[in-house]
Amino acid sequence: MSDFQQRGPITTLPRLTRDRLERIEGQLCTATAKRPLTLAIPCLASEMDQLALAGMVAELAKATYLDSVLIALDRAEASEYHRALQYFRAFGRRTVVLWNDAPEVLAIRAEVEASVGALPAGKGRAVWLAIGYLLAED
């Protein structure tokens, strides 16, 4: 028996056909008419140089059900933060770039870590910071 077979079944997503996609997008448009939807995206500064992110931004810019986008930008210098502000304008809607390495954010993180322990670097921490921002924004 191969290593692959020993792991057991693999969960797969159903095929997202055009008609199914249109139905799901229609449901999202109906739901978000009552409650605006913000998409939070954790992102490394280096990903702005990758074709994958450019393609994702182009596709998401077409999503009529999104009210706003929040980019949780990690591993970024000040110049990369300013570049991100320009880069993500392509969304064509309200976009917030949360600079996770900004002195103010680092100070808040240090305060939290003093009471709960270190928050390991990665997408989890970036999403946690994004959710905190959204909750504070209300």
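Residues numbered from 1 in each chain as written. Predicted model: local features only at pLDDT ≥ 70, side-chain atom pairs only at ≥ 80, totals over all residues. Heavy atoms only, no water.

Caption draft 1: Fine view of unusual backbone geometry. At Arg75, a residue that is not glycine, the phi angle is positive and equals roughly 50°. Its place among the elements puts Arg75 in the loop between strand 2 (68–74) and helix 4 (78–87). What makes Arg75 exposed here is its relative accessible area of 62%. (Helix = DSSP H or I, 4+ residues; strand = E, 2+ residues; numbered from the N terminus. Buried < 20%, exposed > 50% of the residue type's maximum accessible area, 1.4 Å probe, protein only.)

Caption draft 2: Broad picture of the packing of aromatic side chains. This model, assessed by the stated rule, comprises three aromatic pairs. Centroid distance Tyr81 to Trp99: 5.0 Å. Interplanar angle 15°. Geometry classified as stacked. One end of the pair, Tyr81, is in helix 4; the other, Trp99, is in strand 3 (residues 94–99), and 18 residues separate them in sequence. For the pair shown, Tyr81 and Trp99 are each scored as buried. (Phe/Tyr/Trp six-rings, centres within 6.5 Å; stacked < 30°, edge-to-face > 60°.)

Caption draft 3: The arrangement of helix 5 (residues 103–116) in detail. With 14 residues, helix 5 ought to run about 20 Å at 1.5 Å a step, and its terminal C-alpha atoms sit 20 Å apart, in line with that. The positive-phi residue at the C-terminal boundary of helix 5 is Gly117, with phi of around 100°. (Expected span 1.5 Å × (residues − 1).)

Caption draft 4: Examining the environment of Tyr65 more closely. Position of Tyr65 among the secondary structure elements: in the loop between helix 3 (51–60) and strand 2. Residue Tyr65 is classed as buried on the basis of its relative accessible area of 16%. Excluding anything up to four places from it in sequence, Tyr65 contacts Glu25, Leu28, Cys29, Thr32 and Leu37. (Contact = heavy atoms within 4.5 Å.)

Caption draft 5: Region of interest: a nonpolar patch on the surface. Together, Val127, Ile131 and Leu135 make up an exposed nonpolar region whose accessible area comes to about 270 Å². For Val127, the location among the structural elements is in helix 6 (residues 123–137). Overall, Val127 belongs to the partly exposed group, its relative accessible area being 31%. (Patch = residues over 30% accessible without salt bridge, like charges linked within 9 Å, V, L, I, M, F, W, Y side chains within 5 Å. Areas by Shrake-Rupley, 256 points an atom, 1.4 Å probe, with all protein chains shown as cover. Salt bridge = Lys/Arg side-chain N within 4 Å of Asp/Glu carboxyl O.)

Caption draft 6: Quick peek at the pairing of strand 3. In terms of strand pairing, strand 2 meets strand 3 through six bridges, oriented parallel. Along strand 3, the bridge assignment pairs Val69 with Thr95. Following the backbone out of strand 2, through helix 4 and into the adjacent parallel strand 3, one traces a crossover that is right-handed. (Pairing = 2+ DSSP bridges. Right-handed = clockwise from strand over helix to strand, strands pointing away.)

Caption draft 7: The pattern of salt bridges, seen in detail. This structure, assessed with the given rule, holds five salt bridges. Residue Arg94 is joined to Glu137 by a salt bridge in which the shortest nitrogen-to-oxygen separation is 2.1 Å. Of this pair, Arg94 sits in strand 3 while Glu137 sits in helix 6, and the two are 43 residues apart along the sequence. Here Glu113 makes a salt bridge to Arg109, at a shortest N to O gap of 3.7 Å.

Caption draft 8: Local environment of the side chain of Thr32. Counting through the fold element by element, Thr32 comes out in helix 2 (residues 18–34). Residue classification places Thr32 among the buried positions, given a relative accessible area of 16%. Residue contacts for Thr32: discarding those within four places in its chain leaves Leu37 and Tyr65.

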